[in-house]
Amino acid sequence: MTLRSTTLLLIGIAVTCQAQTPKLPPLPAPLSVPSPGPTNDLPYAPQPILPGGVVVPLYPPGSPFLNMARVREAEQYSMSQSAPGRINSIVNIHNPSIEVHTVDRGINTGAVVILVAGGGHRTLNVGSESADFVPFFYNYGVSTVILRSRLKSDGYNPQVDEVNDALQSIRMVRAYAQEWKIDPHKIGIMGFSAGAELTAAAAVLFDDFDQKNSGAPDPLAGVTSRPDFVGIIYPGPSPFAKNRTAPAIPRNAPPAFIVCGGSGDRVHAVWAMEYFSAMLAQSVPNIEMHIYGNGRHPGDALSDGSHMTGGLTDRNDTPFGTWQFRFIDWFRELGFLQKPGVETKAAKDVASYVNQAAGAKGP
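Residues numbered from 1 in each chain as written. Predicted model: local features only at pLDDT ≥ 70, side-chain atom pairs only at ≥ 80, totals over all residues. Heavy atoms only, no water.

Visitor: What exactly am I supposed to notice about the packing of aromatic side chains here?
Guide: If you walk through the whole model with that rule in mind, you get 22 aromatic pairs. Between Phe-65 and Phe-209 the ring centres are 6.3 Å apart and the planes differ by 40°, which places this aromatic pair in the tilted class. One end of the pair, Phe-65, is in the loop between strand E1 (54–57) and strand E2 (76–79); the other, Phe-209, is in helix H5 (residues 194–212), with 144 residues separating them in the sequence. Given a relative accessible area of 4%, Phe-209 falls into the buried group. Sitting above the plane of the Phe-320 ring, Arg-315 keeps its charged end 4.5 Å from the centroid. (Phe/Tyr/Trp six-rings, centres within 6.5 Å; stacked < 30°, edge-to-face > 60°. Helix = DSSP H or I, 4+ residues; strand = E, 2+ residues; numbered from the N terminus. Buried < 20%, exposed > 50% of the residue type's maximum accessible area, 1.4 Å probe, protein only. Lys NZ or Arg CZ within 6 Å of the ring centre and 35° of its normal.)

In structure tokens form, the structure reads like this:
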């Protein structure tokens with residue numbers, strides 16, 4: 001057989017093999033992709049963004065807190081283009097709600113973290129700053145609640161409407177503590193960027209909110225909105241920012257865990273330090289702050305052309321990417337990872353601090 005005929009034979013065999021190789025079937029479409037609910041004549045019913053979420057509106061129908069002209073409008077989701085089914089952010093929130101994710105009985109500590117995403121009051125970045133924390137905290141026996149608060153971009157006042165949503169969420173979780181197997185003395189709130197503005201405000205304005213909402217028609221009257229702890233993560237301006245009138249700090253102000261990048265996120269670091277300094281000046285117990293030397297705000301451009309990420313992300317293998325474990329250290333030290341019903345160190349320290357003030361005033 002000549003070289004030419006051998007070559008032709010091999011080509012023929014290859015073509016035959018290729019013709020016999022079956023093609024891969026097309027990939028199916030993603031399943032169970034969350035989507036907003038329908039609209040009708042009733043207030044919009046928020047849908048869970050994660051499987052198993054129990055969604056409860058913050059306010060009853062007809063509540064004066066709601067904008068009745070828009071309460072029927074559906075929320076709008078911004079979905080990830082590369083991670084099917086992942087909601088990056090939500091806008092057009094007019095019927096604010098909480099989405100509750102509880103843990104198994106065998107690991108339940110009774111503690112719960114209410115998560116308040118950031119987004120500059122323009123969007124609610126529930127992907128990286130809420131949903132991602134549900135499995136993280138589950139591993140420690142801590143239940144989670146995703147707050148869908150209203151936004152300035154939809155016509156709401158961040159210092160009034162959005163803060164009311166944060167405080168109302170605490171009351172709502174505490175009111176249903178028995179049903180959700182939550183310890184009513186281990187309910188806290190963690191906010192990110194614009195969400196941390198609400199967290200910082202909730203830490204000092206709870207008494208005023210409770211007094212204004214203690215009337216008989218309020219189904220949550222008598223349920224306190226005081227958080228048992230707060231997480232203030234790369235925050236926006238707190239009530240102690242220089243351009244705001246600082247409120248009085250209640251003697252039972254909750255312990256706070258504060259995190260921010262340093263010079264790379266200078267504006268937010270200053271806001272973090274203003275809150276810390278106000279609490280430190282009053283010797284409020286268990287206030288811890290971490291300012292990282294290498295860190296930028298989520299969305300900031302980096303030198304390699306990428307952008308800083310937020311929430312639990314690794315942040316290019318820098319110490320800033322491990323802040324969540326420093327939170328767990330603080331959380332454990334204050335007794336929040338004990339079994340339900342066991343008094344926390346945080347509660348004991350607050351009680352001691354309040355009693356010191358009472359003793360100093362005398363009879």
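Visitor: Is there a simple way to think about the packing of helix H4 (residues 158–175) against H5 in this case?
Guide: For any two helices packed against each other, the geometry comes down to the angle between their axes and how far apart the axes lie. Taken N-terminus to C-terminus, the directions of H4 and H5 make an angle of 75°; their axes are 9 Å apart at the nearest point. When the axes of H4 and H5 are compared, the pair comes out roughly perpendicular. Facing Pro-158, Glu-162, Val-163, Asn-164, Ala-166, Leu-167, Gln-168, Ile-170 and Arg-171 of H4, the residues of H5 in contact are Leu-198, Ala-201, Ala-202, Leu-205, Phe-206, Phe-209 and Asp-210. Taken together, the residues that form the contact of H4 with H5 break down as eleven nonpolar, two polar and three charged. (Axes fitted to C-alpha atoms, helices over the stretch in contact; angles between N-to-C directions. Parallel < 35°, antiparallel > 145°, perpendicular 65-115°, else oblique. Contact = heavy atoms within 4.5 Å. Nonpolar A, V, L, I, M, F, W, Y, C, P; charged D, E, K, R; others polar.)

Visitor: Hey, could you run me through the environment of Ile-170 in this one?
Guide: As for its position among the elements, Ile-170 is in helix H4. A C-alpha to C-alpha distance of 27 Å links Ile-170 and Ala-358, two positions 188 residues apart in sequence. When neighbours within four sequence positions are excluded, Ile-170 is seen to be in contact with Ile-114, Ile-187, Ile-189, Ala-202, Thr-224, Ser-225, Arg-226 and Pro-227.

Visitor: Looking at this structure, how should I read helix H6 (residues 266–281)?
Guide: Structural remark: α-helix, 3.6 residues per turn; residues separated by three or four positions point the same way. If you check H6, its first and last C-alpha atoms are 22 Å apart, about what 16 residues at 1.5 Å a residue would give, namely 22 Å. Those residues of H6 lying buried are His-268, Ala-269, Ala-272, Glu-274, Tyr-275, Phe-276, Ala-278 and Met-279. Against the buried residues of H6 lie H5, strand E8 (230–233), strand E9 (256–261) and strand E10 (287–292). Of the residues flanking the end of H6, it is Ser-283, one or two places downstream, whose phi is positive at about 60°. (Expected span 1.5 Å × (residues − 1).)

Visitor: I'm lost on the side chain of Glu-162 in this one. Help?
Guide: Mapped onto the elements, Glu-162 comes out in helix H4. In this structure Glu-162 is buried but unpaired, with Arg-150 as the nearest side chain of opposite charge at 8.1 Å. (Lys, Arg positive; Asp, Glu negative; His and termini not counted. Salt bridge = Lys/Arg side-chain N within 4 Å of Asp/Glu carboxyl O.)

Visitor: Help me understand the sheet that holds E1, please; the structure alone is not making it clear to me.
Guide: Within a sheet, each strand pairs with its neighbour through backbone hydrogen bonds, oriented either parallel or antiparallel. Pairing is mixed across the open sheet formed by eight strands, whose spatial order is E1-E4-E6-E5-E7-E8-E9-E10. The sheet is open, and its two edges are formed by E1 and E10, each paired on a single side. If you compare each strand with its neighbour and ignore which way they point, the axes differ by 15° on average. As judged from the five bridges shared by strand E4 (residues 97–101) and strand E6 (residues 143–148), these two strands associate in the antiparallel manner. Each bridged residue has a counterpart across the sheet, and for Glu-99 the counterpart in E6 is Ile-146. Running over the sheet, H6 touches E8, E9 and E10 and is turned about 155° from E9. (Pairing = 2+ DSSP bridges.)

Visitor: Looking at this model, I keep getting lost on helix H7 (residues 323–333). Mind explaining?
Guide: Restricting attention to buried positions, one finds in H7 the residues Trp-323, Gln-324, Phe-327, Ile-328, Trp-330 and Phe-331. For H7, the angular spread of buried residues about the axis comes to 165°, placing them on one side. Where the residues of H7 are buried, they touch helix H3 (133–138), strand E7 (187–192), E8, E9 and E10. (Arc of directions from axis to C-beta.)

Visitor: When you look at the pattern of salt bridges in this model, what are you seeing that I'm missing?
Guide: Side chains bearing opposite charge may pair, as long as their charged atoms lie close to each other. This model, assessed by the stated rule, comprises 13 salt bridges. The residue Arg-148 makes a salt bridge to Glu-99 at a minimum N-O spacing of 3.0 Å. Of the two residues, Arg-148 sits in strand E6 while Glu-99 sits in strand E4, which places them 49 residues apart along the sequence. Note on Glu-99: relative accessible area 0%, which makes it buried. Close ionic contact of Arg-326 with Asp-329 constitutes a salt bridge, the shortest N to O distance being 3.3 Å. Of the two residues, Arg-326 and Asp-329 are both situated in helix H7; the distance of three residues between them amounts to about one turn of the helix.

Visitor: So what exactly am I meant to see when it comes to the side chain of Arg-150 here?
Guide: Relative to the helices and strands, Arg-150 is located in the loop between E6 and H4. For Arg-150, a relative accessible area of 0% corresponds to the buried category. A polar atom in the side chain of Arg-150 sits 2.6 Å from the backbone oxygen of Phe-65. Engagement of the side chain of Arg-150 in a polar contact is seen with the side chain of Asp-165, the distance being 2.8 Å. Ignoring any residue separated from it by four or fewer positions in sequence, one finds Arg-150 in contact with Tyr-59, Phe-65, Leu-66, Ile-93, Pro-96, Tyr-156, Asp-161, Glu-162 and Asp-165. (Polar contact = N/O pair within 3.5 Å; in protein donor to acceptor, adjacent residues only side chain to side chain.)

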